[in-house]
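Notes for the structure review
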Amino acid sequence: MRSTRQFLLLLALSALSVANASVPDALNFARHKCGASHSILMPNKQLNAAAMKLSQGLKPNDAARSVGYSMTQLASIHLEGFNDESELQALLLQQSCKFVGDQDAREVGYFQRGSQVWILIGAARGDPGSPAVAAQQALMLVNKARAVPRRCGSELFAAAAPLILNAQLTLAAQRHSDEMARLRYLEHVGKDRSTPASRIAGAGYTWTRVGENIAAGEGSVDLVISDWLGSPHHCANIMDSRFMEMGIAFASNKADQEYGVYWTQTFGTPKKSK
């Protein structure tokens, strides 16, 4: 049998292993694996202090405000049960890629107690700018993507004809983005049970085929189009040669510390008049 002294020594070594787990290193390792390889999360002393208050039960926004931190967006993570840095990395990859890999994330703070860690990540969302300018930029990027063959997941798409912007499709997109931003949700089915098809019809567009992409958290047109092209289902909508027109709109909610900006892209093939 192990002596009490041996048992206490093993406990001490285990605690030391957890204490030596580098949270910033684990975060930036996970950030790279989650797709944000162009930047690292920089330590922030205010966020460290806020993370300690988070561990005491304060809500993320209240914790940040209490230490004078004013970054536009804030994400919180609470992980437990890791024994070393590699296990912490695994937990971050399994549970928190959405936050750790956020392209707009800039700063991080944490508070660790044994095998638990509370993490706060600050993100500067940016501003998509003028809706009309953003729509034209999105149209240019979409048509550039459609101009060449593209693989969306396992499906290969041929080059497709360019889309044109449609005011009714844009209206449907704006209405859905506005509602998602106001009510802080990301779903194709609206809180009023509306669907992409019903919203597009409600905007006065008569169609034979419709589609919709949605996203949240991206602070620029470049990022949201890039994200959609990297997702098989969203990419397939963009490359679908049966679509002839599109609309796109965003809405912002500065009080929403998780996403902040909500996007809707609508697609349509108009019904030919007799």
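Here, every reference points to the structure presented above.
A quick note: this is a predicted structure, and the numbers were derived from the prediction, not measured. (Residues numbered from 1 in each chain as written. Predicted model: local features only at pLDDT ≥ 70, side-chain atom pairs only at ≥ 80, totals over all residues. Heavy atoms only, no water.)

As for the sheet that holds strand 8 (residues 207–216)
Strand order in this open sheet of four strands is 7-9-10-8, and the pairing throughout is mixed. Unpaired on one side and paired on the other, strand 7 (164–165) and strand 8 mark the two borders of the sheet. Examined bridge by bridge, strand 9 (residues 245–252) and strand 10 (residues 261–270) share eight bridges and lie antiparallel to one another. By the bridge assignment for strand 10, Ser252 is matched with Val261. Strands strand 8, strand 9 and strand 10 of the sheet are contacted by helix 10 (residues 221–229), whose axis makes an angle of about 60 degrees with strand 10. (Pairing = 2+ DSSP bridges. Helix = DSSP H or I, 4+ residues; strand = E, 2+ residues; numbered from the N terminus. Contact = heavy atoms within 4.5 Å. Axes fitted to C-alpha atoms, helices over the stretch in contact; angles between N-to-C directions.)

A look at the packing of helix 2 (residues 23–33) against helix 5 (residues 85–95)
Two packed helices can be described by the angle between their axes and the distance between those axes. Running from N to C, helix 2 and helix 5 point in directions that differ by 45 degrees, and their axes come no closer than 9 Å. As summarised for this structure, helix 2 and helix 5 are arranged oblique, according to the angle between their axes. The way helix 2 lies across helix 5 gives a crossing that is right-handed. Between helix 2 and helix 5, the residues in contact are Val23, Asp25, Ala26, Leu27, Phe29, Ala30 and Lys33 and Glu85, Leu88, Gln89, Leu92 and Leu93, respectively. For the contact of helix 2 with helix 5, the per-class residue count stands at eight nonpolar, one polar and three charged. (Parallel < 35°, antiparallel > 145°, perpendicular 65-115°, else oblique. Left-handed = near helix turned anticlockwise from the far one by under 90°. Nonpolar A, V, L, I, M, F, W, Y, C, P; charged D, E, K, R; others polar.)

What about the sheet that holds strand 1 (residues 42–43)?
The four strands are arranged 1-3-4-2 in an open sheet whose pairing can be described as mixed. What marks the edges here is a single partner per strand, and that holds for strand 1 and strand 2 (73–80). Strand direction decides the pairing type here: strand 3 (residues 105–113) and strand 4 (residues 116–123), joined by eight bridges, are antiparallel. Following the sheet pairing, Ala105 is matched in strand 4 by Ala123. This element, helix 3 (residues 45–55), spans strand 1, strand 2, strand 3 and strand 4 of the sheet and lies at about 45 degrees to strand 3. Here helix 5 sits on the sheet and contacts strand 2 and strand 4; the angle it forms with strand 2, its principal contact strand, is near 125 degrees.

Remarks on the pattern of salt bridges
Enumeration over the complete set of coordinates arrives at three salt bridges. Put simply, Glu212 and Arg199 hold a salt bridge, and the shortest N to O gap is 2.9 Å. Taken as a pair, Glu212 in strand 8 and Arg199 in helix 9 (residues 196–202) lie far apart in primary sequence, 13 residues in all. Taken as a pair, Glu212 and Arg199 share a single burial class, namely buried. (Salt bridge = Lys/Arg side-chain N within 4 Å of Asp/Glu carboxyl O. Buried < 20%, exposed > 50% of the residue type's maximum accessible area, 1.4 Å probe, protein only.)

Focus: helix 5
By the burial criterion, the buried members of helix 5 are Leu88, Gln89, Leu91 and Leu92. Projected onto a plane normal to the axis of helix 5, the buried residues spread over an arc of 160 degrees and lie on a single side. Elements that come into contact with the buried residues of helix 5 comprise helix 2, strand 2, helix 6 (97–100) and strand 4. (Arc of directions from axis to C-beta.)

What about the pairing of strand 9?
Residues in a regular strand project their side chains so that they alternate between the two faces of the sheet. Most of strand 9 sits out of view: seven of its eight residues are buried. Relative to strand 9, strand 7 is paired through two bridges, and the arrangement is parallel. The residue bridging Leu165 from the neighbouring strand is Met246, located in strand 9.

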